[in-house]
Amino acid sequence: MQRTRATTSPSPRPSPAPTGARARRPSPRSTSSGAKGGPPPRASGWASTSSGHSPSTRWVVIDVNNDPLGLPNVYLGADPARPYVSIGLPHGIRRWEFMLFDDEPSEQVEDPTFVAALLKDHVPDSSTLDVIRCRVFTHHGRIASSFRRGRVLIAGDAAHLMPVWMGRGWNSGMRDATNLSWKLASVLAGRADDSILDSFEAERHEHAKAMIDLSMTLGNVIKPTNRVVCGARDLASRALNLSPRVKSYFTDMRFKPMPFYAKGVVVAPDSLTPGEQPRTRTSSFMTIKNAVDKKTPVGVQFPQPRVNTVDVTGARLDDVTGEWWTVAARGNDPARLFTEDERAQLQHMGARFVSFMSESQRPWAQAEHAGSGTLVVGDVDGSIKGWFDKHAMGVVFLRPDRFVGAACPARESGKALAALRVAMGATRVGLRGSAADGLAPQPAFEGVSA
């Protein structure tokens, strides 16, 4: 067995140097961001504080080359004798994690005999494995008090740390990057002022905290070694598994909190208030009163079905709508719902018009909307129609990260756009897309002249 040095780290992954990105606007101001690999960056004497828990329980992570099991499964072993994790990683690596007891010094993992003993019940001939590394670490469940201070923003592990139990650390970092990147790009392109960057924390802090809490809770279920406690836990688990519906709720991980943005770059769907919204709609308008779903459709991710266009069939929706803002209508041509000034504002935002149609009506709509520049998308399985049906909405404004920024009846499209531009801190633009405040004009999108 390959001998490795025991080290202590807050993460079972290697800890690269903190990464940062510095980009320059046309002005002297600059912004830096920190993500994976260590504590928050320091700038102007600021370092973000954090809250949460750092349990004293130590774990050893053992990575083995040429996966000796070759199984795609993930095992969370709630074994009172020694809780463990076994997972197959990319590049043919098998990872085991074992809890260390208080009387086991961290230096003991330097002993190949000890490591082989940990693995002997998990793999044949554990003494001959090609061990890449052994590391001792502790789990952290912590989140920064603030994600922004002036021109410095933190994301990923620099903003929040969570145990491995839910496998949400990397995912949460990706959500951070997806949320923040388009906002930084909007500021750098002159499409929004830097107040939009405040919405990063407003939108991401609550969900990251919820995932930390869930991960810590799951760890508390897996880690106990008291056999009475474990017996009660296992008995409750077997009872829950008797119901297929309850079992699938847990096995499909449907208990995970989904992101919802109550504040940020959002517009309340009924009042059209910019920047914040309630979770439940209370409009007395008859269409809303009769809606199947009274929860707001804003601040959540839009569906990602397969669709058809004149050029492609069976493509993912995101792949045909592009990478930036989308203004989409069901059964209408959204280009006809806005004034000339409003279309210039949408051009300044880099938006694209999309018309959702049933697949059977798509050929007609392509001819009907010809010349407007609107992309006609065929709703192959009816899931898009179902979304508009359920929420009683006619127009939706999709952000670059594919969260719903605003939704409204067709007649309210212009008002919704105005509120959305307030929520995102959009910069001014003149008639026909002429730039204001010295900003360069943005490229026109199809169907709108610059």
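What counts, and at which threshold
- Every chain is numbered on its own, with residues counted from 1 as its sequence reads.
- Two thresholds apply to this predicted model, a pLDDT of at least 70 for residue-level local features and 80 or more for giving and counting side-chain atom pairs, whereas whole-chain, interface and lining totals are computed over all residues.
- To get the side-chain values, take all heavy atoms of the structure and skip hydrogens and water.
- Two strands are counted as paired when DSSP detects at least two bridges linking them.
- Strands here mean DSSP runs of E at least two residues long; helices mean DSSP runs of H or I at least four residues long; both are numbered from the N terminus.
- Any two residues whose heavy atoms approach within 4.5 Å are treated as being in contact.
- Fitted lines through C-alpha atoms give the axes, limited to the stretch in contact for helices. The angle between two N-to-C directions lies from 0 to 180 degrees.
- The rule is short: rings of Phe, Tyr and Trp, with Trp giving its six-membered ring, pair when the centres are within 6.5 Å, and they are stacked under 30 degrees, edge-to-face over 60, tilted in between.
- Between buried and exposed lies partly exposed: a residue is buried under 20% and exposed over 50% of the maximum accessible area for its type, with that area taken using a 1.4 Å probe on protein chains only.
- The score called pLDDT rates the predictor's confidence residue by residue, from a low of 0 to a high of 100.
- By definition, a salt bridge exists where a carboxyl oxygen of Asp or Glu is found within 4 Å of a side-chain nitrogen of Lys or Arg.
- Definition used in this section: a nonpolar core is a set of buried Ala, Val, Leu, Ile, Met, Phe, Trp, Tyr and Cys residues joined via side-chain atoms within 4.5 Å.
- For classification, angles of less than 35 degrees are called roughly parallel, those exceeding 145 degrees roughly antiparallel, those between 65 and 115 degrees roughly perpendicular, and all remaining angles oblique.
- Three categories are distinguished: nonpolar for Ala, Val, Leu, Ile, Met, Phe, Trp, Tyr, Cys and Pro, charged for Asp, Glu, Lys and Arg, and polar for the others, with Gly belonging to the last.
- Any N or O atom pair separated by 3.5 Å or less is treated as a polar contact, with the protein-specific requirement of one donor-capable and one acceptor-capable atom, and with residues adjacent in sequence counted only for side-chain atom pairs.
- Patches draw on residues past 30% relative accessible area with no salt bridge. Two like charges within 9 Å are joined, as are two nonpolar side chains (Val, Leu, Ile, Met, Phe, Trp, Tyr) within 5 Å.
- Reported accessibility uses the Shrake-Rupley method at a 1.4 Å probe radius. Residues are deemed covered only where the shown protein chains occlude them.

Focus: the sheet that holds strand β20 (residues 375-379)
Moving on, step 1. Read from one edge of the open sheet, seven strands run β17-β16-β20-β19-β18-β21-β22, paired in mixed fashion. Where the open sheet ends on each side, the last strands, each with one partner, are β17 (315-316) and β22 (404-408).
Moving on, step 2. Running at roughly 20° to strand β21 (residues 395-398), helix α11 (residues 413-423) makes contact with β21 and β22 of the sheet.

Examining the packing of aromatic side chains
Moving on, step 1. Across all of its chains, the model carries 12 aromatic pairs by this definition.
Moving on, step 2. Seen in terms of ring centroids, Tyr261 and Phe403 are 4.5 Å apart; in terms of plane orientation they differ by 20°. Their pairing is stacked. A residue pair is termed long-range when its members are at least 10 positions apart, and Tyr261 in the loop between α5 (244-251) and β14 (263-267) and Phe403 in the loop between β21 and β22 qualify at 142 residues. When sorted by exposure, Tyr261 lands in the same class as Phe403, which is buried.
Moving on, step 3. Taking the centre distance of 6.5 Å and the plane angle of 70° together, the rings of Phe302 and Phe388 count as edge-to-face. Of this pair, Phe302 sits in the loop between α6 (286-289) and β16 (306-308) while Phe388 sits in helix α10 (residues 383-391), placing them 86 residues apart in sequence. A single burial state applies to Phe302 and to Phe388, both of which are buried.
Moving on, step 4. A connected cluster of aromatic rings, assembled from ring pairs, spans Phe302, Phe356, Trp387 and Phe388.

Regarding the confidence of the model for the protein
Moving on, step 1. When pLDDT is averaged across the protein, the result is 82; 84% of the residues are at 70 or more.
Moving on, step 2. Scored below 50 in pLDDT, residues 1-29 makes 75 contacts in the model with residues more than four places away or belonging to other chains.
Moving on, step 3. The low-confidence segment residues 431-450 (pLDDT under 50) makes 42 contacts with residues lying over four places distant or belonging to another chain.

Observations regarding the pattern of salt bridges
Moving on, step 1. Using the criterion set out here, one finds 20 salt bridges in the structure.
Moving on, step 2. Asp198 is the salt-bridge partner of Arg148, the closest N and O atoms lying 2.8 Å from each other. Of the two residues, Arg148 sits in strand β11 (residues 148-149) while Asp198 sits in helix α3 (residues 198-222), which places them 50 residues apart along the sequence.
Moving on, step 3. Among the residues examined, Arg148 registers a relative accessible area of 15% and is labelled buried.
Moving on, step 4. Owing to a relative accessible area of 45%, Asp198 belongs among the partly exposed residues under this scheme.

Quick notes on the nonpolar core
Moving on, step 1. Formed by 45 residues in total, the largest nonpolar core has its most connected members in Ile196, Trp325, Val327, Leu346, Phe397 and Met424.
Moving on, step 2. The dominant element in this core, judged by the number of residues it contributes, is α3, at six residues.
Moving on, step 3. Apart from residues no more than four positions distant in its own chain, Met424 is found in contact with Arg191, Ala192, Ile196, Val265, Trp325 and Met349.
Moving on, step 4. Formed by 22 residues, the second largest nonpolar core is a distinct cluster that contains Val266, Ala315, Leu317 and Leu375.

Side note on the pairing of strand β7 (residues 84-89)
Moving on, step 1. The sheet contact formed by strand β6 (residues 74-77) and β7 spans four bridges and is antiparallel. Bridging from a neighbouring strand, Gly77 pairs with Tyr84 of β7.
Moving on, step 2. Between β6 and β7, which follow one another and run antiparallel, lie six residues.
Moving on, step 3. Relative to strand β8 (residues 93-100), β7 runs antiparallel, the two sharing six bridges. Within the sheet, the bridge partner assigned to Tyr84 lies in β8 and is Phe98.
Moving on, step 4. Between β7 and the antiparallel strand that follows it, β8, lie three residues; His91 among them carries a positive phi value of about 65°.

Describing the packing of helix α2 (residues 169-188) against α3
Moving on, step 1. Where α2 meets α3, the closest approach of the two axes is 10 Å, and the angle between their N-to-C directions is 175°. Comparing the axis directions of α2 and α3 gives the class roughly antiparallel. Mapping the contact onto sequence places Ser172, Arg175, Asp176, Asn179, Leu180 and Lys183 in α2 and Ser199, Phe200, Glu203, Arg204, His207 and Met211 in α3.
Moving on, step 2. Here the contact of α2 with α3 is composed, by residue class, of three nonpolar, four polar and five charged.

Some details on the side chain of Thr326
Moving on, step 1. Following the sequence through the fold, Thr326 ends up in strand β18 (residues 326-330).
Moving on, step 2. Since its relative accessible area comes to 1%, Thr326 is described here as buried.
Moving on, step 3. In this structure the side chain of Thr326 is engaged in a polar contact, spanning 2.9 Å, whose partner is the side chain of Arg402.
Moving on, step 4. Once residues within four sequence positions are removed from consideration, Thr326 is found in contact with Thr321, Arg352, Val354, Val396, Phe397, Leu398 and Arg402.

Observations regarding the pairing of β8
Moving on, step 1. The buried fraction of β8 amounts to eight of the eight residues, a majority that puts the element mostly inside the structure.
Moving on, step 2. The two faces of β8 match: Ile93, Arg95, Glu97 and Met99 on one face and Arg94, Trp96, Phe98 and Leu100 on the other face are all buried.

Some words on a nonpolar patch on the surface
Moving on, step 1. Among the surface-exposed residues, Leu240, Tyr249 and Phe250 lie close enough to one another that they form a single nonpolar patch of about 270 Å² accessible area.
Moving on, step 2. By the secondary structure assignment, Leu240 is in helix α4 (residues 227-240).

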